[in-house]
Amino acid sequence: GFAFWAEPGCLSKMCACSSRIGPPSSPTGGDKEENPAALAENCFRELLARATYGNMNNAVKPVFAHLDHHKLWDPNEFAVHCFKIIMYSIQAQYSHHVIQEILGHLDFCKRDSPRVRAGIIQVLLETIAIAAKGSIGPTVLEVFNTLLKHLSLSVDVELGAKSGSSGNIDTRSKECEEKMVQNAIIQTIGFFGSNLPDYQRSEIMMFIMGKVPVFGMTAHSSENGQLGDLGTRRIQIMLLRSLLMVTSGYNAKSVATVLSAPFLDPLLSSSLMEDCELRQLVLEVLHNLIDRHDNRAKLRGIRIIPDVSDLKIKRDKISRQDVSFMKKHGQQLYRHIYLGCKEDDNVHKNFELLYTTLALITIELANEEVVTDLIRLAIALQDMAILNEDNLSMFSRCSIMALVAAYLNFLSQMIAVPAFCQHISKVIETRTVEGPCFLPETIFRDKCSLPRTFDKDDKSLFFLMNKIAESLGGSGYSTERLSVPYVPQVTDEDRLSRRKSIVDTVSIQVDILAANGTENKVNNTEEITFEALKKAIDNTGLEEQEKEKRRLVIEKFQKAPFEEIAAQCESKATLLHDRLAQILELTIRPPPSPSGTLTITAGHTHYQSVPVYEMKFPDLCVY
């Protein structure tokens, strides 16, 4: 009770001038002659040092009241100063209580100005910085949950302001202030996550990944669907930036433990979203988790490295767990690298990150079998650029060729098979003279002039699989496996704006039943024309219709009342039962009898006799 009325006086005196920040110290003889602000601070420290768990609220609540009343969250220097004093003065085991109080006050001020919220979040960051090495276990999930909630709220406010006005100065200022709030939240999440022990950090990574929204399946505050998608994209980017900061510096002993299927599947699904910035963030998160020897800085910049040994790459022998991980998830990684290269909105940074991903897999996870698969993947990427079945731009095609050249140059020097190195070097030398746009140093240069055509017949500019297989055949690599062209693993992922869910799993079966129940019977004597055959061969329209049907089924199962879904399923089951009864009646009908057959029509029973001379007997029974 004493603290409740004594603290405001101390805070008012302290507000006059800032003092030292650090652990509490006992007052000396000279301190008694200090100015009132210093004496008030010492008194404040003494009060906090004597606080116990039962009266911690009385110690912290007056501080919030003082800061709110005097509008000291913006600027927040004095607020930061006060909470540093609090954290240094109280007993260490009560640190988590102060963090909980700040989180509660952030919720209380969620309708305040962006600058006030940013000030409170910055105070939370400074508080966590002091408590991170102490007792904060009980509040870990609460901190992240509250911060992610305010991140989503800030994005909604920013987009609402953008849609509600015509871009005047006040609106732009509010958008900038909301981005300041978002950056403060991301910085706090990253700092807090990077100071957690590994087991807690992996749980937080799963928690954040589970919060990443999915296009078309997350309702936003805006009624405009376009704004909803924009809000989803903004939240996705913010959460992936948060995840990137949490994974920074995380050194997993085994990749399999950190890249488990529940985390890896949604992360890789995000890597195929049609937004180059999202794909960049996903690849950077993967780099944080795969790179256990800090080799990324040495690989920075996609280029033809003359001598890889100069990089002094650090690597260990591939462990049994890593071999098992690649057998289980290797094809999944290759598939997402392959499809990531096909995106036509890729920029220089995307190709650089894809190159780094291939190089890190080679360093950290590659045995002979993985190396073989990586070579097949690289040649498949080269074929993608040459054949251009996806109608990629000339920049994308040349960039893929440059990516393949940079990676095979790196790989050949890492496995150090002379004949393989010689073939790769020869092709690169030929490209330097005859096709410089197929090399990273040229295509990624500013204002590079792109070729108008792509000569598919000039074999000297391409890496040839038959020569690669011939060069690696005597070095323990499987020539049979090399001769099999790489084809991406087939999955039922969409293209790819949403993750798998329970609804996705059952949607195929439900979709078939729905189609059978709603479509009209097709006339068997349909006229066959050239146009009909053309439409039958063309599958593009059917794929779009299939996607739309699946989307509608998913939406119905998520939004329709349970009673409606149950009634529809019951009617379908009844229809199916009736059809089955008809089929059984036709196929298992008893043979006619002269004495008559019992039939039921409209609820009435009667016998229908058949004369013997009208009965049909099998040939073997007639003589």
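Because the structure is a prediction, the values reported are computed rather than measured.

### A closer look at the side chain of Ser471
Okay, step 1: Within the secondary structure, Ser471 is located in helix α21 (residues 465-472).
Okay, step 2: We classify Ser471 as buried; its relative accessible area is 12%.
Okay, step 3: Among the polar contacts listed, one links the side chain of Ser471 to the backbone oxygen of Ile468, at a separation of 2.7 Å.
Okay, step 4: Discounting chain neighbours no more than four positions away, the residues touching Ser471 are Val417, Ala419 and Phe420.

### Concerning the packing of helix α2 (residues 36-49) against helix α4 (residues 77-89)
Okay, step 1: Axis separation between α2 and α4 bottoms out at 8 Å; the angle between their running directions is 45°. Comparing their axes, α4 and α2 come out oblique. Both α2 and α4 take part in a crossing whose hand is right-handed. Counting all contacts with α2, which are made through Glu41, Phe44, Arg45, Leu48 and Ala49, the residues of α4 involved are His81, Cys82, Ile85, Ile86 and Ser89.

### Considerations on helix α19 (residues 418-434)
Helical geometry note: an α-helix holds 3.6 residues per turn, so side chains three or four residues apart project in the same direction.
Okay, step 1: With 17 residues, α19 extends 24 Å from end C-alpha to end C-alpha; this agrees with the ideal 24 Å at 1.5 Å per step.
Okay, step 2: Turning to α19, the residues buried within the fold contact α17 (368-387), α18 (394-415) and α21.

### A word on the packing of helix α13 (residues 276-290) against helix α16 (residues 348-365)
Packed helices, taken two at a time, are described by the angle between their axes plus the distance between the axes.
Okay, step 1: For the pair α13 and α16, the least separation of the axes is 10 Å and the interaxial angle reads 20°. Between α13 and α16, the angle falls in the class roughly parallel. Here α13 runs over α16; the crossing is left-handed. Residue-level contacts link Cys276, Arg279, Gln280, Leu283, Glu284, His287 and Ile290 of α13 to Lys349, Asn350, Leu353, Leu354, Thr356, Thr357, Leu360, Ile361, Glu364 and Leu365 of α16.

Scoring rules and cut-offs
- Residues numbered from 1 in each chain as written.
- Predicted model: local features only at pLDDT ≥ 70, side-chain atom pairs only at ≥ 80, totals over all residues.
- Heavy atoms only, no water.
- Helix = DSSP H or I, 4+ residues; strand = E, 2+ residues; numbered from the N terminus.
- Buried < 20%, exposed > 50% of the residue type's maximum accessible area, 1.4 Å probe, protein only.
- Polar contact = N/O pair within 3.5 Å; in protein donor to acceptor, adjacent residues only side chain to side chain.
- Contact = heavy atoms within 4.5 Å.
- Axes fitted to C-alpha atoms, helices over the stretch in contact; angles between N-to-C directions.
- Parallel < 35°, antiparallel > 145°, perpendicular 65-115°, else oblique.
- Left-handed = near helix turned anticlockwise from the far one by under 90°.
- Expected span 1.5 Å × (residues − 1).

All quantities given are derived from atomic positions and should not be read as evidence of function.
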